Protein chains: 2
Amino acid sequence: MKRKITLKHIARELGVSISTVSKALKNSEEIGAETKGRIQAYAKLHNYKPNNIAISLKNKRTKNIGVIIPDIVHHFFTTVFRGIENYANTKGYNVIVCLSDESFDKEVINMELLANGSIDGFIMALSAGTQQKGDYNHLKEVTDQGIPLVLFDRVADEINCDKVVINDREGAYQAVSKFIKDDRKKIALITTDEHYSVSRDRAAGYKQALLDHNLEYDEGLILKFPTMEIDEDAIEDFFNKTEVDAVLSVNEIFAIASMRFVQAKGLRIPEDISFIGFTDGILSKYATPGLTAVAQHGEKMGEIAAQMLIEKIELEVEEETYVTRMLEPTFVERGSTRNNK
Amino acid sequence: MKRKITLKHIARELGVSISTVSKALKNSEEIGAETKGRIQAYAKLHNYKPNNIAISLKNKRTKNIGVIIPDIVHHFFTTVFRGIENYANTKGYNVIVCLSDESFDKEVINMELLANGSIDGFIMALSAGTQQKGDYNHLKEVTDQGIPLVLFDRVADEINCDKVVINDREGAYQAVSKFIKDDRKKIALITTDEHYSVSRDRAAGYKQALLDHNLEYDEGLILKFPTMEIDEDAIEDFFNKTEVDAVLSVNEIFAIASMRFVQAKGLRIPEDISFIGFTDGILSKYATPGLTAVAQHGEKMGEIAAQMLIEKIELEVEEETYVTRMLEPTFVERGSTRNNK
DNA sequence: TTGTAGGCGTTATCAT
DNA sequence: ATGATAACGCCTACAA
């Protein structure tokens, strides 16, 4: 087994000083051609590679970025992550991922751990626990230390930092407008509790679209779940009791489960009832019929987040100006919607 | 902005030496109660936390583990990752993820980068490119340096290291046996090219089960794709030309797409044709009917991989004994299979 | 052209 | 009870 070799080994072996070796390997003009040759040859032969940790300590730069997300078994987050990882890689950064598991405590612990020198900056989406609690001190502490932070998707106005979101409100607005244009009258919304910023915005878009088109905003047409967990009974109950000809869902799963149930009831999609779901994931694509979706462009979002972060990291200057980039959602039309006129 | 504070700052501020501060913060008995109190109070007040990088350099231990996987937008890998991250966290390790994107080159580059001190060990699943090429020198180099390595799911016999896999062969064998017990006669296999170790093993189990039950092994009943990419046309073509009453698929997507097509053709599932798919993911669960699946226990697999790796990392002693843990797959029965007698 | 010395932040050993 | 020193691996300003 050949252990990693250091400058010191090379220096000792070749009877020169460490700094000579260091310079020679950087091809410095200061070093004589012959010495340089010997050193470089030896280094190549023994596959010398500088130790990242030592360089990090010296430069006070780790070339690592910390990503903290609520869950990884989740299509949207994985696409964002892919965007981050990909961009970061092109810039020579590695990515350390921590899962908050939707828990405030885990989010805090993970952040503090990483903030002690392991990373140069954070990219994160707030956990449900954090959004519920409304306590952002761990984020403030990190930014106070001058560590750059970019929030995506699940953000909060209270935090001063760069952000990337999609225009959830507009996505919902357009979805409902499409239903209305297709002559749907009873448009339901399936959503989660308000402390998810995304649900809040989507609900706002839903309401606004109804009002703008002179339709009644009826709380009875809203099915609200406390979390992202699915509750089949509540869905059955809702669709048994409520007459509906279109459904906007804040996520895929609620939409798919609902489609399944109404189909079992004998309703036809899209003839009798039409569906649109947020987050164009794998379920939307492979459902029968395919679920028309509001695509969130996760990969693009991750790429932008990484870009914003790395710029801040490498800019050095302590700017106190933060920007929020808002991406426009896109419609992916599939079989679950069709003009009903 | 309050920058991170170091031992040196505290020492200077309190007029003591750095080593006194270091000891006091470790609650060493050597330091007088009064001094210790002052130092600890000051540290608490200024929220002193030791710098991870400096500690890594000193200890030659980063407490990071490197995970290299082909793709993250993939249900199985995310469940494995969750298992890894979770276990690693309980042991005080962080996880650096790199995506090989199924490319040999990216896999090599990422590994070499991380191997230069950033991590204490690797957990990985081989990229398609690597399996195709059959070149494992980058792995040998890493293990030669004494860096522990655990391979999961996509493994290769040529590599000497710890491994975690599921018994793919047995999973396929059982699936086919179930079909036969349900009186299915024409059992198709949808698979990928042989260089995926998992496809190879699953195909072997499929064949073995047929032979053991005195059924003919007919190449005509096998639909083989070059990659994991889906090809709708090939699927349509296959099901139009081939008479089949049961289908085993090496992944969810092929199964779901096939189910969709045969249903559109007017066949009933499971009455006319029955399906079983590998990898019990989100698609299997929400398909209509639900897809009976061979569950791979990704999370467990990740946990075991992390456990094996961390043991090796912390054991120090250079053992040359490697083990392969094989997990037994489990059946998750859903609507896509039913006794047809 | 080559080498020395100091520092990045921490810890451990060995003085005082 | 406290402090000086060296070391982890690398880099670089400054000497020689």
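Residues numbered from 1 in each chain as written. Chains lettered and ligands numbered in written order. Predicted model: local features only at pLDDT ≥ 70, side-chain atom pairs only at ≥ 80, totals over all residues. Heavy atoms only, no water.

1. Observations concerning the protein's contact with DNA strand D
Heads up, the rule is: Nearness of a residue to a molecule or strand requires only that one of the residue's heavy atoms be within 4 Å of it. Side-chain atoms alone can form a polar contact between residues adjacent in sequence; in general such a contact is a pair of N or O atoms within 3.5 Å, and within protein one must be able to donate a hydrogen while the other accepts it.
Lining the immediate environment of DNA strand D, one finds 26 residues, of which K8 of chain A together with T20, K23, G32 and K60 of chain B sit closest. Of what DNA strand D places within 4 Å of the protein, 63% of the atoms are sugar or phosphate. Between DNA strand D and S19 of chain B, the relevant distance is 3.1 Å, taken from a base nitrogen to a side-chain nitrogen or oxygen of the residue. Note that a phosphate oxygen of DNA strand D is positioned 2.5 Å from one of the side-chain N or O atoms of T20 of chain B.

2. What about a positive patch on the surface?
Definition in use: Residues enter a patch when their relative accessible area is above 30% and they make no salt bridge; the linking distance is 9 Å between like charges and 5 Å between nonpolar side chains (Val, Leu, Ile, Met, Phe, Trp, Tyr). Every accessible area reported is derived by Shrake-Rupley at a probe size of 1.4 Å, with residue values counting cover from the shown protein chains alone. Only one rule defines a salt bridge in this text: a Lys or Arg side-chain nitrogen within 4 Å of an Asp or Glu carboxyl oxygen. The charge count includes Lys and Arg as positive and Asp and Glu as negative, but it does not include His or the ends of the chains. Note on charges: their place is set at NZ of Lys, CZ of Arg, CG of Asp or CD of Glu. Only DSSP runs of H or I covering at least 4 residues are called helices, and only runs of E covering at least 2 are called strands; the numbering of each starts at the N terminus. Classification of residues uses two cut-offs on accessible area relative to the type maximum, computed with a 1.4 Å probe and protein chains only: under 20% is buried, over 50% is exposed, and between them is partly exposed.
A surface patch of positive charge is lined by R3, K8 and R12 of chain A together with K60 of chain B. Mapped onto the secondary structure, R3 of chain A falls in the segment before α1 (7–14). Residue R3 of chain A is classed as exposed on the basis of its relative accessible area, which comes to 54%.

3. As for the domain arrangement of chain A
All names here are of chain A. For the record, the criterion: An automatic or database domain assignment supplies the residue ranges for each domain. The contact criterion used throughout is that any non-hydrogen atoms of two residues lie within 4.5 Å. Charged residues are taken to be Asp, Glu, Lys and Arg, nonpolar residues to be Ala, Val, Leu, Ile, Met, Phe, Trp, Tyr, Cys and Pro, and polar residues to be all remaining types, Gly included.
Domain assignment breaks chain A into domain 1 (7–50), domain 2 (55–164 + 298–327) and domain 3 (168–296). If you average the C-alpha positions of domain 2 and of domain 3, the two centres end up 31 Å apart. Between domain 2 and domain 3, the contact holds 11 residues from the first and 9 residues from the second. Joining domain 2 to domain 3, the criterion identifies 0 salt bridges. Summed over the shared surface of domain 2 and domain 3, the number is 1 residue pair in polar contact (both at pLDDT 80 or more). Taken together, the elements giving at least two residues each to the side of domain 2 that touches domain 3 come down to α5 (75–90), α7 (128–133) and α14 (298–315). It is α7 that contributes the most residues to the side of domain 2 that touches domain 3, 3 residues altogether. In terms of residue class, the side of domain 2 that touches domain 3 is made up of 4 nonpolar, 4 polar and 3 charged.

4. Remarks on the interface of chain A and chain B
Selection criterion: What gets called buried area is simply the loss in accessible area from a 1.4 Å probe that two parts show on being joined, summed for both.
With 57 residues of chain A at the interface, the matching set in chain B holds 57 residues. When chain A packs against chain B, close to 5100 Å² is buried across both sides, 55% of that on carbon and sulfur atoms. Its largest share of buried area at the contact with chain B, chain A owes to I53, N116 and Y286 of chain A, together 14% of the area lost on that side. Linking chain A with chain B are 2 salt bridges, by the criterion used here. On the surface where chain A and chain B come into contact, there are 19 residue pairs in polar contact (both at pLDDT 80 or more).

5. Concerning the sheet that holds strand β9 (residues 274–278) of chain A
Working definition: the strands of a sheet are paired by backbone hydrogen bonds and lie parallel or antiparallel to each other. Residue and element names in this part refer to chain A. Short version of the rule: Strands pair, by our definition, only if DSSP identifies at least two bridges between them. Whenever a helix is involved, its axis is fitted only over the stretch in contact; in every case the axis is a line through C-alpha atoms, and angles between N-to-C directions fall within 0 to 180 degrees.
Spatial ordering of the open sheet is given by β7-β6-β8-β9-β10-β12, a layout of 6 strands whose pairing is mixed. With partners counted over all chains shown, the strands left at the sheet margins are β7 (222–225) and β12 (330–332), one partner each. Ignoring strand direction, the axes of neighbouring strands in this sheet form an average angle of 15 degrees. Packing of helix α10 (residues 197–212) onto the sheet brings it into contact with β6 (187–192), β7, β8 (246–249) and β9, and relative to β6 it is tilted by some 165 degrees.

6. Some remarks on the pairing of β8 of chain A
Residues and elements named next belong to chain A. Short version of the rule: Every crossover in which the path from the first strand over the helix to the second runs clockwise, viewed with the strands pointing away from the viewer, is termed right-handed.
In β8, alternate side chains face the same way, and those of A246 and L248 on one face and V247 and S249 on the other are all buried. Note that β6 and β8 share 4 bridges and pair parallel. Paired with L189 across the two strands is L248, which belongs to β8. Relative to β9, β8 is paired through 4 bridges, and the arrangement is parallel. From the neighbouring strand, L248 faces β9, where its bridge partner is I276. In this fold, β8 hands off to helix α12 (residues 252–264), which returns the chain to β9; that crossover is right-handed.

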